[in-house]
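A structural walkthrough
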Amino acid sequence: SSGINAEYGIHPVAGRMPGQLNVLLAEAGVPYDVVLEMDEINDDFADTDVVLVIGANDTVNSAAEDDPNSIIAGMPVLRVWKAGQTIVMKRSLGVGYAA
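**Quick word on the overall build of the protein**
Per the secondary structure count, the protein includes three helices and four strands. Ordered by position in the sequence, the α and β elements of the protein form the string β-α-β-α-β-α-β. Relative to the globule expectation of 13 Å for 99 residues, the C-alpha radius of gyration of the protein, 14 Å, shows essentially globular dimensions. Over its C-alpha atoms, taken along the principal directions, the protein stretches across nearly 45 × 30 × 25 Å. Looking at the protein residue by residue over its 99 residues, the buried ones come to 25%. When contacts within the protein are restricted to residue pairs at least 6 apart in sequence, those whose partners lie at least 24 apart make up 65%. With an accessible surface of roughly 7000 Å², the protein has 54% of that area assigned to carbon and sulfur atoms. Of the side-chain charges in the protein, 5 are positive and 14 negative, and the distance between the mean point of each set is 12 Å.

Quick look at the structure:
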């Protein structure tokens, strides 16, 4: 009603085991039709105003595509850096595998 479209993008290896985040979102009452796989949502980021990233490092790291010397070079990532603004929320300051 307020013109806001919210979608949820999940990286295939996010969470402790495959599908864990899908289950958590379902338990929270998030409708399945707004939960998108990485290949479904990546093209939308360029037209997105704000992205909220919760608890991710390598799964949203542009070095996977931009830095051939990165330890995560070639890994598929959510291209959140293409959005107007990206906010990352983490519980630790750990750098992930890309350090």
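Continuing now.
**Some remarks on the environment of leucine 52**
Looking at where leucine 52 falls in the secondary structure, it is placed in strand S3 (residues 50-54). Assessed through its relative accessible area of 54%, leucine 52 is described here as exposed. The sequence separation of leucine 52 and serine 92 amounts to 40 residues, and the corresponding C-alpha distance is 16 Å. With residues near it in sequence (within four places) discarded, leucine 52 still touches Ile87 and Met89.

**Description of a nonpolar patch on the surface**
A surface patch of nonpolar side chains, about 480 Å² in accessible area, is lined by Val50, Leu52, Ile54, Ile87 and Met89. Here isoleucine 87 shows up in strand S4 (residues 85-89). Judged by relative accessible area, which is 37%, isoleucine 87 ranks as partly exposed.

**So, the side chain of asparagine 42**
Relative to the helices and strands, asparagine 42 is located in the loop between helix H2 (38-41) and S3. Side-chain polar atoms of asparagine 42 contact the backbone nitrogen of arginine 79, separated by 2.7 Å.

**What about the pattern of salt bridges?**
Opposite charge on two side chains allows them to pair when their charged atoms are near. With the rule as written, the count across this model stands at one salt bridge. With a shortest N-O distance of 2.7 Å, arginine 79 and glutamate 65 are connected by a salt bridge. Remark: glutamate 65 occurs in helix H3 (residues 63-66) and arginine 79 occurs in the loop between H3 and S4; sequence separation between them is 14 residues.

About the cut-offs
- Residues numbered from 1 in each chain as written.
- Predicted model: local features only at pLDDT ≥ 70, side-chain atom pairs only at ≥ 80, totals over all residues.
- Heavy atoms only, no water.
- Helix = DSSP H or I, 4+ residues; strand = E, 2+ residues; numbered from the N terminus.
- Rg over C-alpha atoms; globule rule 2.2 N^0.38 Å.
- Buried < 20%, exposed > 50% of the residue type's maximum accessible area, 1.4 Å probe, protein only.
- Contact = heavy atoms within 4.5 Å.
- Areas by Shrake-Rupley, 256 points an atom, 1.4 Å probe, with all protein chains shown as cover.
- Lys, Arg positive; Asp, Glu negative; His and termini not counted.
- Charge placed at Lys NZ, Arg CZ, Asp CG, Glu CD.
- Patch = residues over 30% accessible without salt bridge, like charges linked within 9 Å, V, L, I, M, F, W, Y side chains within 5 Å.
- Salt bridge = Lys/Arg side-chain N within 4 Å of Asp/Glu carboxyl O.
- Polar contact = N/O pair within 3.5 Å; in protein donor to acceptor, adjacent residues only side chain to side chain.

Treat this as a map of the structure, not an account of what it does.
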